[in-house]
Structures are given as structure tokens and as C-alpha cells.
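These are the residues of each chain, in order.
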Amino acid sequence: MIKITKAFSFEAAHRLAKGYPDKCKNIHGHSFKGELTVNCSTLNHYDMGVDFAVLKSFLKQIEKHFDHKLILYENDHELIDFCHTQHWEVITLPHNPTSEVIATYIYQQAKKELEPHYPCEIQSVMIAETCSSRCVYQE
């Protein structure tokens, strides 16, 4: 088994809604850092599991999707409506936009985009929102 990891990053703001009582209920930003890890049990005719260029291309889409956006819980209607009146770019997720939820979203996108086309299995997605706090999602 070969594990291949590619790093990525994006700048974004978020807030935790759903009655979250602490300071993260306020809009704040992070320099999100991440890693996508895939497992490959076979190599292609170039002796690669998955070309780093393929992972880079997928992760550029992820970075573009989130970079310099406000990530919100989809039921945070008052704030979402306000953002739309200001023509701000908002990404909504079905749960609070925690690192755990963002990592899960990226993992699911990677499974959908990469696994059908390459001899690999998505192992994990790591998201760090600060230099001392990170989470890893894997099935």
C-alpha cells in the first residue's frame, strides 16, 4: 500500500451558529491548511499511484471554492440574507462550518471526483484552522 499526500490551503471566514455559546459564534477568519491523503494498492504504467498533478488540480478547485469566502451553516438565514444584499460570496453547509464539517465535505468531494477515475482510495483529509488545532476525517 502506498500513501500519497498533497497539501492545500485557503483563507476563509466562518462562524458557528446553532446557538454556539463561545467566541466562535462571531464571524472570524482562518488561514486553513489541509492535506489530502490517498491509498494506492497498484501503480499505473508511469509507476505512479496517482499523479501529484491530478491531486493538485482537484485541490485547486477546493481552494477556489472556499478561498476568501464566508462559510456558514445553511440555516443561518439572517446572516446569509444580509451577505446576499452586500453581494458577498457565501458558502453554505448543512451543519456548522467546523473544521470537522469542512474536512468531511472535502473528503466526500474527493471520493466523488477521484476514486472513479484512479486506482486509489481516499484515506483522509486533515484540516488545521490554527497552528495548534487540526482534525482528520477518514471513514
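Quick look at the structure, then. Note that the structure is predicted; figures quoted are calculated from it, not measured.

Here we come to the pairing of strand β4 (residues 90–93). Relative to β4, strand β3 (residues 69–73) runs parallel, the two sharing four bridges. Bridge assignment links Leu72 to a residue of β4, and that residue is Thr92. A crossover connection joins β3 to the parallel β4 through helix α2 (residues 77–85); in handedness this β-α-β unit is right-handed.

It is worth spelling out the packing of helix α1 (residues 52–66) against helix α3 (residues 99–114) at this point. For the pair α1 and α3, interaxial distance at closest approach is 11 Å and the crossing angle is 135 degrees. By the angle between their directions, the pair α1 and α3 is classed as oblique. Regarding α1 and α3, the two cross each other, and that crossing is right-handed. Where α1 abuts α3, its residues Val54, Leu55, Phe58, Ile62, His65 and Phe66 lie against Ile102, Tyr105, Ile106, Gln109, Ala110, Glu113 and Leu114. Across the contact of α1 with α3, the residue classes break down as 10 nonpolar, two polar and one charged.

Turning next to the pattern of salt bridges. Applying the stated criterion across every chain, the model contains five salt bridges. Its salt-bridge partner being Glu63, residue Lys60 comes within 3.3 Å of it at the nearest N-O pair. Of this pair, Lys60 and Glu63 both sit in helix α1, three residues apart, roughly one helical turn. Among the residues examined, Lys60 registers a relative accessible area of 48% and is labelled partly exposed. Ionic pairing is found between Lys111 and Glu115, a salt bridge with its closest N-O pair at 3.0 Å. By relative accessible area, Glu115 is classed as partly exposed at 23%.

Right, let's talk about α2 for a bit. Of all the residues in α2, the buried ones are Leu79, Ile80 and Cys83. Along α2, the residues classed as buried sweep out an arc of 100 degrees about the axis, all on the same side. Seen from the open side of α2, the exposed residues pointing more than 90 degrees away from its buried face are Glu78 and Thr85. Following α2 by one or two positions, His87 adopts a phi angle in the positive range, close to 60 degrees.

With that settled, the discussion passes to the packing of aromatic side chains. According to the stated counting rule, one finds five aromatic pairs in the structure shown. Pairing Phe10 with Phe66 gives two aromatic rings, centres 5.1 Å apart and planes at 20 degrees, and the pair type is stacked. A residue pair is termed long-range when its members are at least 10 positions apart, and Phe10 in strand β1 (residues 2–14) and Phe66 in helix α1 qualify at 56 residues. As far as burial versus exposure is concerned, Phe10 and Phe66 are alike and both buried. Cation over ring: Lys18 sits above Tyr73, and NZ or CZ is 5.0 Å from the ring centre.

Reading the values: rules and limits
Residues numbered from 1 in each chain as written. Predicted model: local features only at pLDDT ≥ 70, side-chain atom pairs only at ≥ 80, totals over all residues. Heavy atoms only, no water. Pairing = 2+ DSSP bridges. Helix = DSSP H or I, 4+ residues; strand = E, 2+ residues; numbered from the N terminus. Right-handed = clockwise from strand over helix to strand, strands pointing away. Axes fitted to C-alpha atoms, helices over the stretch in contact; angles between N-to-C directions. Parallel < 35°, antiparallel > 145°, perpendicular 65-115°, else oblique. Left-handed = near helix turned anticlockwise from the far one by under 90°. Contact = heavy atoms within 4.5 Å. Nonpolar A, V, L, I, M, F, W, Y, C, P; charged D, E, K, R; others polar. Salt bridge = Lys/Arg side-chain N within 4 Å of Asp/Glu carboxyl O. Buried < 20%, exposed > 50% of the residue type's maximum accessible area, 1.4 Å probe, protein only. Arc of directions from axis to C-beta. Phe/Tyr/Trp six-rings, centres within 6.5 Å; stacked < 30°, edge-to-face > 60°. Lys NZ or Arg CZ within 6 Å of the ring centre and 35° of its normal.

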